[in-house]
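Here are the chains, one letter per residue:
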Amino acid sequence: MVYLASKIFGFLITPSNLIATVCLIGVMLSLTRWRKAGVRIGAAGILLLLVCGYSPLGNVLLLTLSERFPAWQESGRAPDGIIVLGGAINPDLTAVRGAPEMNSSAERMTAAAVLARRFPNAKIVLSGGNANPFHPLSTEAEVGRKFLEDLGVADDRIVMEGRSRTTYENAEFTRPLIHPVAGERLLLVTSAYHMPRAMGVFRAAGFNVEAYPVDWRTRGWVDAERPFLTLSGGLGRLDTAVHEWVGLIGYRLAGRTREWFPAP
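Calculation notes
- Residues numbered from 1 in each chain as written.
- Predicted model: local features only at pLDDT ≥ 70, side-chain atom pairs only at ≥ 80, totals over all residues.
- Heavy atoms only, no water.
- 1 Å grid on protein atoms, 1.4 Å probe; cavity = no way out; pocket = protein on both sides within 12 Å on 5 of 7 lines; lining within 4 Å.
- Points joined across faces, edges and corners; volume = space filled by probe spheres on them.
- Helix = DSSP H or I, 4+ residues; strand = E, 2+ residues; numbered from the N terminus.
- Salt bridge = Lys/Arg side-chain N within 4 Å of Asp/Glu carboxyl O.
- Buried < 20%, exposed > 50% of the residue type's maximum accessible area, 1.4 Å probe, protein only.
- Axes fitted to C-alpha atoms, helices over the stretch in contact; angles between N-to-C directions.
- Parallel < 35°, antiparallel > 145°, perpendicular 65-115°, else oblique.
- Left-handed = near helix turned anticlockwise from the far one by under 90°.
- Contact = heavy atoms within 4.5 Å.
- Nonpolar A, V, L, I, M, F, W, Y, C, P; charged D, E, K, R; others polar.
- pLDDT = per-residue confidence, 0-100.

(A) Expanded view of empty space enclosed by the protein. Applying the stated criterion across every chain, the model contains 1 cavity of 30 Å³ or more. Approximately 70 Å³ is the volume found for the largest cavity. Contributing to the lining of the largest cavity are 13 residues, with Val84, Leu85, Gly86, Met109 and Glu140 lying nearest its centre. Elements that contribute at least two residues to the lining of the largest cavity include exactly β1 (81-85), β2 (123-127) and α7 (140-150). Sort the elements by how many residues they give to the lining of the largest cavity and α7 lands first, with 3 residues.

(B) Main features of the pattern of salt bridges. Evaluation of the coordinates by the stated rule reveals 12 salt bridges. Across the pair Glu74 and Arg118 runs a salt bridge, and its minimum N-O distance is 2.7 Å. In this pair, Glu74 is assigned in the loop between α4 (57-66) and β1 and Arg118 in helix α6 (residues 107-118), connecting sequence segments 44 residues apart. The exposure class of Glu74 is partly exposed, given its relative accessible area of 47%. The salt bridge involving Asp80 is made with Arg77; its shortest N-O contact spans 2.8 Å.

(C) Focus on the packing of helix α9 (residues 195-204) against helix α10 (residues 231-253). It is the contact of α9 with α10, at a shortest axis distance of 9 Å, that shows an interaxial angle of 20 degrees. Here α10 runs roughly parallel to α9, going by the angle between their axes. Judged by the sense of rotation from one axis to the other, the crossing of α9 with α10 is left-handed. On the side of α9, the interface is formed by Pro196, Arg197 and Val201, while α10 contributes His243, Glu244, Gly247, Leu248 and Tyr251. Of the residues in the contact of α9 with α10, the class split is 4 nonpolar, 2 polar and 2 charged.

(D) Broad picture of unusual backbone geometry. The phi angle at His179 is positive, at roughly 45 degrees, despite the residue not being glycine. Relative to the helices and strands, His179 is located in the loop between α8 (167-178) and β4 (186-191). Since its relative accessible area comes to 54%, His179 is described here as exposed. Non-glycine residue Asp215 carries a positive phi angle of around 55 degrees. The residue Asp215 is located in the loop between β5 (209-214) and α10 in this model. A relative accessible area of 4% means that Asp215 is categorised as buried.

(E) Region of interest: the confidence of the model for the chain. Across the chain, pLDDT averages 91, with 94% of residues at or above 70. Looking over the chain, one finds the lowest element-wise mean pLDDT in helix α1 (residues 2-12), namely 49, and the highest in β4, namely 98. Confidence over residues 1-5 falls short of pLDDT 50; this stretch has 5 contacts with residues more than four positions distant or in other chains.

(F) Spotlight on the side chain of Thr167. With respect to the helices and strands, Thr167 occurs in helix α8. Taking relative accessible area as the criterion, Thr167 reaches 8% and is therefore assigned buried. Setting aside its immediate chain neighbours within four residues, Thr167 contacts His194, Arg197, Ala198, Val201 and Tyr251.

This is the structure in structure tokens:
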């Protein structure tokens, strides 16, 4: 119940929804005896909509996260294991359509396939359940295993963790499956903007992991000066960034990480 409430709250309390609410309140008040206040509120909402939608604000907030951990550089011995976090697959659509259906974070799974071929002795850990509380037809870990097997990855190399629905659960449910030990080299694969929170959680859970960021949404800090060409593009980027910042702060306040802003 707590998880469901948090997902509903997170869906509703986004910058784009809040701005839309301000605009709606302005329109509604403008039809009453508080017309002047309604016009002002509506104008403020429209101004927020334009600034947040077309300005590079979303990119600036996202870049601060995604540039925190640089791209992984191979050095030393090969990794012993590769932990791939869920968030790239829609398990319900996959179950209905009969083929892996991925979203904008698909690079998490394609990177897993590349790393599996590059390091043939490394275990591949797929951590991801099904975040749909109403119709969970399958899990991301199940779909991911089938995806990797179709690409030639041996089944005995794949470890599935199919219960997690959050980043915190990714770490907590993965730990008893692989029992991380000192000296073991583990790569953590997730989206670049999600990497600070993921690294903080896995470190707090006792993992000595190395960041392997993928799913870069920007070209780098050059995009901090580039406005968006579409309103939806800027608002979508801002929603993604704010969601991650709220999650990062919330995890620290809840004691799920030991650092406010994990770094390499």
